[in-house]
Each structure stands twice: as C-alpha cells, then as structure tokens.
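Residues per chain, in single letters:
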Amino acid sequence: MLTIFKRILKFGFLGFWRNKSLSLQVIFIMGVVVFSITSIFLFEQVGNFLIDQSEQKVDISVYFKKDATEEAMLNLKQDLIVFTDQVKSVDYISKKEANEIFIEKHKDDKFYLEALSQVQEEPFLASLNIKAFSPGQYAFIDEFLQSKESENIIEKVSYSKNKQVIDQLFYITSNVKRAGLVGGIGIALLVILITFNTIKLTILSLRDEITTSRLVGASNWFIRGPFLVQSILYAVASVIIFDVIFVGFIIFLNAKMQTLFLDFNLVTVLKSNGLYLILAQLVCTILLGSISSFLASRRYLKM
Amino acid sequence: MAQDDKPLLLMIKFQNLTKIYNTQAGKIIALSNVNLEIAKGELISVVGKSGAGKSTLVKIFTREEKPTKGGILFNDVNICALKGKKLQEMRRKIGVIHQDYKLLADKNVRENLCYVMQVVGVCDSTIDKDVQKVLEIVGIENRICHFPHELSGGEKQRLAIARALIHRPEIIIADEPTGNLDVYNSYEVISLFKKINEMGTTILLLTHDKEVVDSLKKRVITLDQGKVIGDDKKGRFIL
C-alpha cells in the first residue's frame, strides 16, 4: 500500500514537471483563484476598516443643564453602561474638562482663547459622550435618553441633529457588507467554473494515457491519484507565485493606500492575518483543484 | 512448448459474439455470431481485410467495448460480465499490442515497462531485473531513457511488445503488429512472437499480411464482414 502511494506521488510529480507548458497554464488559471480570494480578503479588510473609522466618528452627546448635579449625571452614565449589547462606551466630561479640552484644541488660536477669557461664567456644559457598537443602535439609546427627560437634567441630545447621517451610515455599512458577500460568492462561482473547465481540458488532453492505463489493469485510484497530486502541486505553486508577486506590490503600494484609505496600513493587516490568508488560499485552491480533477477524470475511468 | 499434435487445454471460448454499432448512417455489424475456441499455448493468426472485425474482437476481449450479444469465456470466466477489481485483474493477465501502440507519452521506455509491474505492486528490485531482461529480448536496451516520440516505428513496436510481455501474461494479443513496419523489422517482430510462443504464451496475432501468416505455418482464423469464414489448422491464408 505504501509502495503504491509513493508511486502515485512520484507519477504526480513527474506529470507536473514533464508537462511544463500545461502545468504553467493551469497554474496561471489557479492564480486567478488566488487573486479572487485575496481580493475578497482585501475588500473585507478595507471595508471593515473604513466602516470602523466612520463609526468611530459617530456618537451621541448628551449635554446636561447647568444646575444638574454631578451625582445625577453619573447616575445616568451608570444607567447607560448597563446596556452592554448596545453601548460600547460612555465618557463623562465635566465642565472643567470641557474647558480644558477647548483650550488644548485651540491653543494656537489666540482669537478663541481671548474670546474665552472675556466670558465671565463657564460657557461649557458637562456632557456624556456615548458610542454604540453600530450606527443602528443609536436609535435605542436616543429612546432611552428621551425616557429620562422627566428627570430634567438633560439640556439637549445631539442625536436628532446627526440622525440622518447616522441612518445613512448604517444603510451604507449594511449594504457594503451585503454587496461584499454577494460579490464574493459571484466571483467564487465564476472562478470555480473556470478552474473546473481548465482541469477538465487538461485531463482530456491525457485521455489516451488514461485509456492505456486502464487497459493494462491499473486501478481507478492508481490512475486518478497522480492527477490529484498534480492538482495539489498546481495549487501550491500558484499560491507561492502569486503571494511573492503580491507582497512585492504591497510593499510598493502601501504608502499610496494609506493616503487613499485614511491611513489603512496593509502591511500591518497582512502581518496579523497573513497566515490565515495563505491558509485560505491553499485550502480553496487545493479543494477546487482536487474536486475538479476527481470529477473530470471520472468520465474516462468508466471504461 | 506449443505443438499441434499434443492435446491442449481450452483457454478462450468466444460464444455467439456479436457487436453492432448504431451510427447516424445506420447499423454496422462489426461481429456476427463469432464462435471460436482457443487453447493454451496456441499461436493463432486472425486474418481479414480492413473492417472485417479483427480490432473489434480485441476491443471486446480487453473490455474497451461491450458485446451486443454473446460473451467470451477466459479460463471459464465470462469476461463480459466482469466489473471493478475483477476486470482489472483480468486485464493484468493479458498483454495487448495495439495497432497504434498506446504508449504512455510522458514516460520513457523504462517507465513504460515499469508501469505495468507497478500497477500490481511488484517491488522495484524485481521490476529492474525484469525490465532489463525484456529489453534485451526485444532488442531496445540502448533506448531505455528515451521517450516514445523519440523512437522509430520499429522501436515503438518493440516497446509495445515488451510492455505486453513483461508481466508474464497468459495471452498476448497483437493487433497488426507489422502494420507500420518495413520488411526487416516485420521479420524480426514475427521471430520474436515465435520465441515468446515457444516459452508457452498463447498468442493471437491479428493481421492482414499474407506473408506473415504464411511464415508462421500455424492456425489461421479468417474473418470477413464480422463472420468467421475459415479456421485452418494448417496455416493457409484463404482470403
């Protein structure tokens, strides 16, 4: 059994090596598969990054009345923290802190600082800065805050002003994710079809070999095995070649991408997810190649 | 050693073998109720014009095709009913030399021979010895590393014979083995068959070459339009 297995491996490797032009063609087609997987990965990473960046800029601010006690304000903060599914973070900014933030922000602007010094009483209100896990959850938080209006400590809530922006953002992010999934599935199906046909044509070109092997009494797996080995070799070769070229491009393009996509650092993303990407590339191409080879060779093994 | 006057064991029996091809132009009867018996150790020439049904006979025997009616008993086993592993085992007992050689193009001479042995799991040391021996028998030991496309017609034919012979089959079927050869190579190939037959292997030689048949002086079965029209033990070519 081991002898036959070793022979199958050897025949597979010899078939891969000796039919160089055929092997290169299949490797090129499988490179398209690797490219598709990588594109889906990049689209997801860039998309998630941009969505995260956008969502971080969105929040609800609750401004308290001047006479609201700190105890009441902190109680409201505690009430909000309880909503662990919706509320990501709640930051309390006292009047003093708001003042300090303003001064720090405009430290180089003498006009603003002079205007501030002219004001006799503190112009800033204490506030809560609330961030949700997703834009769709702000409506819930706003409803809760409206229910708290009877306590008479809230001056205003910024949600109604930003509602349209938040709703639009939620609509866009949901659709981007959905589009990514649909697009990804579409590309995957197309690529599967192309790869299957390429491998089918490869095996078609070797049908005389398969027939001869059958006539000398070779078993199905003895004939099919080398084709499966070749498919695996095509897959591995295509991943290696593509990734070498891809890494070169990334090193070259990373600076430009950071400018275009709000400091999105692809090198950092690849360092943390590179292994998973390579694994996904290998698994997909090997599976695709093996299944295609198995199905394509079935036809000529029926004799 | 096969001799006509010694009683021989029955090896192959063709029973009412019929093959009809359905084509767009209509039905083609390739074989029609062929009944034959072949004994172990015989050297038989099967003769007929092109289209007589000789190659169809080989294809049914090797199960490239299935018969429309009838069957073939090989060592009392109906090979037309075999499937899967049993069919593979049957194919390992026969050596076929095809008209178009059917060599493995991406394997060199040595690898083409080794393949037949590797299929059944023979160890490498045994394979090496047998390959060397068989190459010397057929006379192409100096072409061991060449690929089929680098060989002449005669060398390809010798390689095909070597591949048919190497796993010590019970029967060798040669379909037009001299069809693509010159006179000198044809003579050498036929001498080789005689030598192989003298070692005890049953040989079925399919040919339309009268000179080959006459030189053998063995049993001649004549096919015409799919029917057996002659079975002459004295080796006469009647077409």
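Reading the values: rules and limits
- Residues numbered from 1 in each chain as written.
- Chains lettered and ligands numbered in written order.
- Predicted model: local features only at pLDDT ≥ 70, side-chain atom pairs only at ≥ 80, totals over all residues.
- Buried ≥ 20, exposed ≤ 12 C-beta atoms within 10 Å, placed from the backbone.
- Helix = DSSP H or I, 4+ residues; strand = E, 2+ residues; numbered from the N terminus.
- Pairing = 2+ DSSP bridges.
- Expected span 1.5 Å × (residues − 1).
- Arc of directions from axis to C-beta.
- Contact = placed C-beta atoms within 7 Å.
- Axes fitted to C-alpha atoms, helices over the stretch in contact; angles between N-to-C directions.
- pLDDT = per-residue confidence, 0-100.
- Core = buried A, V, L, I, M, F, W, Y, C linked by C-beta atoms within 7 Å.

Before going further, it helps to spend a moment on the pairing of strand β7 (residues 171-175) of chain B. Residue and element names in this part refer to chain B. Along β7, 5 of the 5 residues are buried, which leaves the element largely enclosed by surrounding structure. Side-chain alternation along β7 places Ile171, Ile173 and Asp175 on one buried face and Ile172 and Ala174 on a second face that is also buried. Bridge count for strand β6 (residues 94-97) against β7 is 4 bridges, and the pairing is parallel. Opposite Val96, over in β7, you have Ile173 as the bridge partner. Summarising the sheet, β7 and strand β8 (residues 202-207) pair through 5 bridges and their orientation is parallel. Bridge pairing links Asp175 to Leu206 in β8.

All names here are of chain B. Between its first and last C-alpha atoms helix α4 (residues 124-138) spans 21 Å; for 15 residues at 1.5 Å apiece the expected length is 21 Å, and the two agree. Taken together, the buried positions of α4 are Val131, Val134, Leu135 and Val138. Each buried residue of α4 lies within a common arc of 100 degrees when the element is viewed along its axis, so the set occupies one face. Away from its buried face by more than 90 degrees, α4 exposes Ser125, Thr126, Lys129 and Glu136. Those residues of α4 that are buried are in contact with α3 (109-119), α5 (153-165) and α6 (183-198). A positive phi of about 85 degrees marks Gly139, the residue just after α4.

With that settled, consider the sheet that holds strand β1 (residues 10-23) of chain B. Residue and element names in this part refer to chain B. Strand order in this open sheet of 4 strands is β2-β1-β4-β5, and the pairing throughout is antiparallel. Lying at the two open borders of the sheet, with one neighbouring strand each, are β2 (26-39) and β5 (77-78). Note: β1 against strand β4 (residues 69-74), 5 bridges, orientation antiparallel. Looking across to β4, one finds that Phe14 is bridged to Ile72.

Residues and elements named next belong to chain B. Ordered in space as β6-β7-β8-β3-β9-β10, the 6 strands form an open sheet in which the pairing is mixed. Every interior strand has two partners, whereas the edge strands, β6 and β10 (227-232), have only one. Across the sheet, the mean angle from the axis of one strand to that of its neighbour is 15 degrees, orientation sign disregarded. Strand direction decides the pairing type here: strand β9 (residues 219-224) and β10, joined by 5 bridges, are antiparallel. Counterpart to Ile221 in the pairing with β10 is Asp231. Sitting on the sheet, helix α1 (residues 54-61) is in contact with β3 (43-47), β6, β7, β8 and β9, with an inclination near 145 degrees to β7. Docked against the sheet, α6 engages β3, β7 and β8, running at close to 155 degrees with respect to β8.

Residues and elements named next belong to chain B. Taking 1.5 Å per residue as the helical rise, α6 with its 16 residues ought to reach 22 Å, and the 23 Å between its terminal C-alpha atoms agrees with that figure. Residues of α6 that are buried sit in contact with β3, α4, α5, β7, β8 and α7 (210-216). Directly beyond the C-terminal end of α6, a positive phi value near 110 degrees is found at Gly200.

Residue and element names in this part refer to chain B. Here chain B averages 88 in pLDDT, and 95% of its residues register 70 or above. In the model of chain B, α7 stands out as the element of lowest mean pLDDT, 85, in contrast to β4, which has the highest, 93. If you check the scores for this complex, the pTM reads 0.72 and the ipTM reads 0.80.

Along the polypeptide, Thr18 of chain B turns up in strand β1. Through-space distance from the C-alpha of Thr18 of chain B to that of Pro148 of chain B is 35 Å; in sequence the pair is 130 residues apart.

Right, let's talk about the interface of chain B and chain A for a bit. Counting residues at the interface gives 17 residues for chain B and 16 residues for chain A. Contributing elements (two or more residues each) for the side of chain B that touches chain A: α2 (84-91) and α3 of chain B. Counting residues per element, the side of chain B that touches chain A draws most heavily on α3 of chain B, at 4 residues.

By size, the foremost hydrophobic cluster in this structure holds 93 residues, and its most contacted members are Val46, Ile161, Ala162, Ile172, Ile173, Phe193 and Leu204 of chain B. In terms of residue count, the dominant contributor to this core is helix α9 (residues 220-260) of chain A (9 residues). Formed by 18 residues, the second largest nonpolar core is a distinct cluster that contains Met73, Leu80, Tyr138 and Val157 of chain A.

This brings us to unusual backbone geometry. All names here are of chain B. The phi dihedral of Lys217 is positive, around 55 degrees, even though this residue is not glycine. Note that Lys217 resides in the loop between α7 and β9. Residues other than glycine seldom take positive phi values, yet Gln225 does so here, at roughly 50 degrees. Take Gln225: it is sitting in the loop between β9 and β10. Among the residues examined, Gln225 registers 14 C-beta atoms within 10 Å and is labelled partly exposed.

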